[in-house]
Amino acid sequence: MHSVVVENLRKQYKENVAVDDASFKVNEGETFGLIGPDGSGKTSIFRMLATLLVPDGGEAHVCGWDVVKNYKEIRKSVGYMPGTFSLYQDLTVEENLHFFATIFNTTITENYSLIKDIYVQLEPFKNRRSGNLSGGMKQKLALCCALIHRPEVLFLDEPTTGVDTVSRKEFWEMLKKLKKEGITILVSTPYMDEATLCERIGLIQKGRLLSIDPPQVIIEKYPKALYAIKSHNMIELLSALRELPLIGSVHSFGEHHHITIVDRTLTLLDIRATLEKELPYPFQIDKIEPSVEDCFIQLMEK
Amino acid sequence: MEKEKVISVSGLTKKFGDFTAVNGITFDVYKGEIFGFLGANGAGKTTAMRMLCGLLSPTSGDATVAGFDLYKQTEKIKTKIGYMSQKFSLYEDLTVKENITFYGGIYGLGNRELKFQSKRLIESLGLQSEANQLVGSLPLGWKQKLAFSVAVIHKPSIVFLDEPTGGVDPITRRQFWDLIYEAVKNDITVFVTTHYMDEAEYCNRISMMVDGDIAALDSPSNLKQGHGVDSMDEVFYNLARTAKRKSD
């Protein structure tokens, strides 16, 4: 059974095609990541699935309901957390939650068990206006409000953008718990380390899905050998590597640069020997496993 | 020889009522370095940065930015710095060219210089065919690159970047850092905040704010060594976890 079915979905804003023939399915209870650059159509897809935007072509079903014909049913069964903070800034934490519960014909107490772990962190600030909360707290409140009617499917559009590492880790811990409750989660993120936490990832660019696979499969499909190199001056090394015909691609990854080699027959020893002739300073190079971020960059540059 | 200080901060404090957002921080930033200013949400980064840009007056403490005093010479400071943030950077309803002209004008560039810089900038960013488009219609990554280029159009001593790559895709993030490296080559000091820990590695030195204090300040490799960990992510996690103040 699929909670979300998207078939040849299309959305166009004047001459700008935002979503172009996008198709994917999300299994019931699955955590599915939609990963793509800004402007790749992620938000338009979310808005169409949340029945806030009418598609120009194709079809989409959520919980078996058609996004156009049965929009009322869908609104009862999904929770949506938009990319920008969309709660009432001049209502307090508690008032916002109460408001959303009432709209969905429920009460805070009825589904309290679902939001309890998140809400206890907000409770000390329950009388504060939501506009005066920090980024991490706003995001927790938005999640609570999206969950208050115990939705079957949760749409999270870049929930952790602008949020620090510690809060991001906490947020994903919460998502794990929601998954245990059987909630289907469709989430988008620009953080590649978070993508790894999804069961399957759809990589999206220019409104089309480039690939849909579990993170491990995406990594296994990486077509080249990948090496990590470092030296004392990484900026200098970066520009030097870009000039070398031997190098297929070079990208910074924290304390290393990740490189691929044009000639696939070369061994690590060959590469090291060649680089030693080219680079007038000591360096360290090792063969490594690609990360999802390497794969994403490779797919985008194709 | 003593390294030239572009920012020198001593005991800088900002209180809002009985809440101490920034609690007597002391540090220097040297000419030509990339200085990473890290911390959890609510640790006091933005408040500190706003003070250094002359937008918020300190409660106590001393600081000079680009050689000017933070209390008496804020207007002079503003001519010597560049600033961009993820939240506010360019006017969405002006075109690429108009934004460049507007900011160049504000930063005091003469007509001739403005024309020259405008052309150079549009070419170097490859925005020739978008020059007359509204900035609002550009993808976020392009906006950010343009915003950065505009923030350094007057060749400031230092540029403040507040989460410049938030929400930007992996390729554009790296292109953005190329722009930072280029600015450094042109003698512009870079003061940057980020939530991407791989980007923390690209900084010469990093300060880490926790509860309004600077909990650590060193090069990425020394910080990792000191904490006995392999990644900046772990350093950040170790330090941010010690926060007592709720991120409210």
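Residues numbered from 1 in each chain as written. Chains lettered and ligands numbered in written order. Predicted model: local features only at pLDDT ≥ 70, side-chain atom pairs only at ≥ 80, totals over all residues. Heavy atoms only, no water.

Looking at an unreviewed UniProt entry, one finds chain B named ABC transporter ATP-binding protein and attributed to Flagellimonas okinawensis.

Within an unreviewed UniProt entry, the label attached to chain A reads ABC transporter ATP-binding protein, and the organism entered is Flagellimonas okinawensis.

Trainee: Could you clarify how one ought to interpret empty space enclosed by the protein in this entry?
Mentor: A probe as big as a water molecule, rolled over the atoms, marks out the empty space that is left. Scanning the entire structure with this criterion turns up 1 cavity of 30 Å³ or more. Looking at the largest cavity, its volume works out to about 40 Å³. Classifying every residue of the lining of the largest cavity gives 2 nonpolar, 5 polar and 1 charged. (1 Å grid on protein atoms, 1.4 Å probe; cavity = no way out; pocket = protein on both sides within 12 Å on 5 of 7 lines; lining within 4 Å. Points joined across faces, edges and corners; volume = space filled by probe spheres on them. Nonpolar A, V, L, I, M, F, W, Y, C, P; charged D, E, K, R; others polar.)

Trainee: Quick question: what am I supposed to make of helix H3 (residues 96–106) of chain B here?
Mentor: Every α-helix winds through 3.6 residues per turn, so residues three or four apart in the chain are directed the same way. All names here are of chain B. If you check which residues of H3 are buried, you get Val96, Asn99, Ile100, Tyr103 and Gly104. Along H3, the residues classed as buried sweep out an arc of 125° about the axis, all on the same side. Elements that come into contact with the buried residues of H3 comprise helix H4 (111–124) and helix H5 (140–151). Immediately downstream of H3, the backbone of glycine 108 shows phi near 85°, a positive value. (Buried < 20%, exposed > 50% of the residue type's maximum accessible area, 1.4 Å probe, protein only. Helix = DSSP H or I, 4+ residues; strand = E, 2+ residues; numbered from the N terminus. Arc of directions from axis to C-beta. Contact = heavy atoms within 4.5 Å.)

Trainee: Please explain the sheet that holds strand S3 (residues 34–39) of chain B as it appears in this structure.
Mentor: Strand pairing within a sheet occurs via backbone hydrogen bonds; the two strands may be parallel or antiparallel. Residues and elements named next belong to chain B. Spatial ordering of the open sheet is given by S6-S7-S8-S3-S9-S10, a layout of 6 strands whose pairing is mixed. The open sheet has two free edges, formed respectively by strand S6 (81–85) and strand S10 (213–218), since each of these has just one partner strand. On average, adjacent strands in this sheet sit at an angle of 15° to one another, irrespective of strand direction. By the bridge criterion, 5 bridges tie S3 to strand S9 (residues 205–210) in an arrangement that is parallel. Within the sheet, the bridge partner assigned to glycine 39 lies in S9 and is methionine 209. (Pairing = 2+ DSSP bridges. Axes fitted to C-alpha atoms, helices over the stretch in contact; angles between N-to-C directions.)

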